[in-house]
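Letter by letter, the chains look like this.
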Amino acid sequence: MSQPPETEMDLELQLLPAWARQSTDTNRYAHIRGDEGAPPERGDRRSGPPRGARPGGPRPGGPGGPRPGGPRRDGPGGPRPGGDRSFGGRRDDRRDEPRREAPAPLPDFDVSLMPEDKGVEGLARQIKLTGRAYPIFDIAHLILKKPDRFTITFSVIKQGDSVAAPLFLCSLDDTLWLSEADVTAHLLQRHFNTFYSTEKIAGEAPKGTYTFVAQCGMSGLILGPPNYHDYQTKLHKLHNERFARMPFEMFKSRVKIVRDEAVVKQWVEESSVKTEFTALNIPEPLKFNTRAEVEAHFKATHLPNLIKSVQSHRLLGANVGQSSPIIRRIFSLVVEDQVRFPLKLVNTLCTQMSALGLQFFKVNKTITHVSVARPTYLDMEATPVSPNLRRLIECINATPKCTRRKVLETLAPAPTVITIPVPVEGQPATPAPAPETTAEQSAINSDLHWLIHQGHVIEFANGLIETAKKPPRDLSAPLVPSAAISPSSSASQRWWETEPTPLGQGTPVQLGRRGIPGHLRACAGSAGRITFLRVMTILLAEDEPQTAQLIEFKLKQAGFTVVHATDGEKALALAGPTQPALVLLDGLMPVMDGFEVLRRLKEDPRTRSIPVIMLTARARDKDIVTGLELGAADYMIKPFSPSELVARVRKVLGPAVEPKTGEVPR
């Protein structure tokens, strides 16, 4: 068989270790004889007679005879110190040790983080005031540093007619719990004094003589003698209240017997005192002798007014610490995930800041920044610019790592005034006063402020200043610009009429020669042609006002007409008469959720052919599959990018949004 050339490599062979790459026909040990290099016997490793030879001859009594000085320390055939070292002995001992139980799986909830509204408004005001550009991911990490800067929303997940895990709200302190029993225990532990008063009354001491008592080794609580009548009750109560996560047998093993007379006397004194509870905030005062009676009264009187089963609830991050331990654990996992890569929080933050009028741009196509304006190149050759602005921009371009301070030092240096402070005995030296801002420096700051707010100059968070760069020429852009033409019903101005199309699929446009705006006539030019886009209607079903406002703004900016519905029932009622080109459908809405609306849209012959894009926070694979199986053309998960949403809308609509070109009559 011919050998392959050396230039060819077998990838599987190259990934093997060195010894496995050698040919199987080669015997690496052919030159080694069996007696060469044999390891010496244990007796030959050191000088002197072999280990088996005794200096004075064989052992008295022959081989196997009695040892001089008596038997071994552990006796003939007895175990060695350290226990049985037979094969597998220690492993068997380890297998007998109790294994740690795996943590219980967490309940399934829809969880989303959102920056606190007032905090975002404060950040937006600061950005507008300073004009600086801040990395949006740095702002997200800044928000995640303190829980009071963001909110977290827990929503139950429906599984048919039931839910995966229930949620209960304690209205007294705005905390979330997973069961009514948890809420009851929380209220009686944290807010007991709000509903009941406790009074200690001297009672009868325990009868008999006691020499020892049981005491919890972890909490130090004295439980009493194990044979006392209420010992088991106290033991189980302490375990349920403070150590419920520990197995009862393990907790029981931590209870120790104490024979100290002082501890026994302390238990006797505590048992001699009787506790009486009095109900507060009721017309007639009631007294109870046991805690069980108090709990029964609390459940019947106060609990129905303090607990409520909820489908979704929004908590301030700082309030999560008082909620259920499982809720706190889910909160910690979500925050840790966002700290590693806060993409969802950034998307939500972009939505909020866009609604507040801020702009976003990328630096070197990598890091997204938020600022008061997007970078806009100022062409000083084609645009009339004052000499002061021209000088300011040229200074920024000529200064490496330019800052506001360098600009002022270059264009308007402050006059040098040397002030020698006169020391006064007994008083610390006063620092020299800061130089006052001159009129020329104020004018430069004013010009710089205008340039920054127009986007011609960018001032970053670290103080560096740059001018907006000239955008590269787009060679793929058409020579004939496209423009949206608004409809007009005047017969005298009729110059073009599109073919009649259904509502939502393109509105007939009728314009006259005299009705063409000047910039459109200029676009037509000598070619006598003009390109326009069809006006298409999109039905938006969204119950969040800020999200709906942002989506509507972006869609209108892209040339679409938007009809807004605030719940599922209204969206279903508008879809038939309006016949939109596309439906944007939120998944979680009041009255009727988005999935039910989607199912009914696809069952109705009038709306069956309308494409639907689901836009929801339900990000589980099961929800995505359900939406697509019901007939959704696309599925987007909140938080989302507004630009990506517009791109997906255009992709779903396809050729229907392509521009048309028509002749302009002369």
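For every chain, the first residue of the written sequence is number 1, and numbering continues from 1 along that sequence. A pLDDT threshold of at least 70 governs which residues receive local features in this predicted model, and a stricter bar of 80 or more applies before side-chain atom pairs are shown or counted, although totals over entire chains, interfaces and linings include all residues. For the side-chain quantities, the full set of heavy atoms in the structure was used; hydrogens and water were omitted.

**Comments concerning the nonpolar core**
Put simply, the test is: Among buried residues, those of type Ala, Val, Leu, Ile, Met, Phe, Trp, Tyr and Cys that are joined through side-chain atoms within 4.5 Å constitute a nonpolar core. Exposed residues in this analysis have more than 50% of their type's maximum accessible area, buried residues have under 20%, and partly exposed residues fall in between, with area computed by a 1.4 Å probe over protein chains only. Starting at the N terminus, helices and strands are each numbered in turn, a helix being any DSSP run of H or I of at least four residues and a strand any DSSP run of E of at least two. In what follows, residue pairs with any heavy atoms lying within 4.5 Å of each other are defined as contacts.
In this structure, I136, I139, L167, M353 and V370 are the most contacted members of the largest nonpolar core, which totals 35 residues. Those elements that provide at least two residues to this core are β1 (109-115), α4 (117-130), α5 (136-144), β3 (150-156), β6 (167-170), α13 (325-340) and α14 (343-355). Sequence-distant contacts of I136, that is, excluding residues within four places in its chain, are made with V346, L349, C350, M353, F360, T368, H369 and V370. Judged by nonpolar contacts, the second largest core, of 20 residues, contains I538, V562, A581 and L653.

**Brief notes about helix α21 (residues 594-603)**
Filter applied, for reference: Our arc is simply the arc of the directions from the helix axis toward the C-beta atoms.
Within the span of α21, buried status applies to G594, F595, V597, L598, L601 and K602. For α21, the buried positions fall inside an angular range of 160 degrees around the axis, keeping them on one side. Each element contacted by the buried residues of α21 is listed here: α20 (568-578), β25 (582-586), β26 (612-616), α22 (621-630) and β27 (634-637).

**Focus: the pattern of salt bridges**
Note the following rule: For salt bridges, the criterion is a side-chain nitrogen of Lys or Arg within 4 Å of an Asp or Glu carboxyl oxygen.
Scanning the model with the defined rule gives 18 salt bridges in all. Here R132 makes a salt bridge to E459, at a shortest N to O gap of 3.5 Å. You can see R132 sitting in strand β2 (residues 132-135) and its partner E459 sitting in strand β18 (residues 457-460), a full 327 residues away along the chain. Across the pair R620 and D623 runs a salt bridge, and its minimum N-O distance is 3.5 Å. Owing to a relative accessible area of 4%, D623 belongs among the buried residues under this scheme. Because the salt bridges share partners, they merge into one network encompassing D108, R618, R620 and D623.

**Examining the sheet that holds β18**
How we decide: At least two DSSP bridges between two strands are needed for those strands to be called paired. Only the stretch in contact is used when a helix axis is fitted, and all axes are lines through C-alpha atoms; the angle between N-to-C directions ranges over 0 to 180 degrees.
Spatial ordering of the open sheet is given by β16-β17-β2-β18-β19, a layout of five strands whose pairing is mixed. At either margin of the open sheet sits one strand with a lone partner, and together these are β16 (359-363) and β19 (465-467). Taken pair by pair, the neighbouring strands of this sheet meet at an average axis angle of 35 degrees, ignoring direction. Sheet topology places β16 next to strand β17 (residues 367-371); five bridges connect them, and they run antiparallel. Each residue of the ladder has a partner; that of Q359, found in β17, is S371. Against the sheet, helix α15 (residues 387-398) touches β18 and β19, its axis set at about 115 degrees to β19.

**Regarding the environment of Q322**
Counting through the fold element by element, Q322 comes out in the loop between β15 (312-316) and α13. Exposure remark for Q322: the relative accessible area of 38% places this residue in the partly exposed category. In this structure, the C-alpha to C-alpha distance between Q322 and H186, residues 136 residues apart in sequence, is 9.1 Å. Beyond its immediate chain neighbours, meaning those up to four positions away, Q322 contacts D173, T175, W177, H186, R190 and R328.

**Here we look at the environment of I201**
With respect to the helices and strands, I201 occurs in strand β8 (residues 196-202). With 73 residues separating them along the chain, I201 and K274 place their C-alpha atoms 4.9 Å apart. Not counting the four nearest positions on each side in its chain, I201 is found in contact with S272, V273, K274 and E276.

**Quick word on the environment of F640**
With respect to the secondary-structure elements, F640 resides in the loop between β27 and α23 (642-653). With relative accessibility at 5%, the residue F640 sits in the buried group. Placed 293 residues apart in sequence, F640 and N347 show a C-alpha to C-alpha distance of 5.8 Å. Residues in contact with F640, not counting those within four places in the same chain, are N347, T351, T547, I551, L615 and L645.

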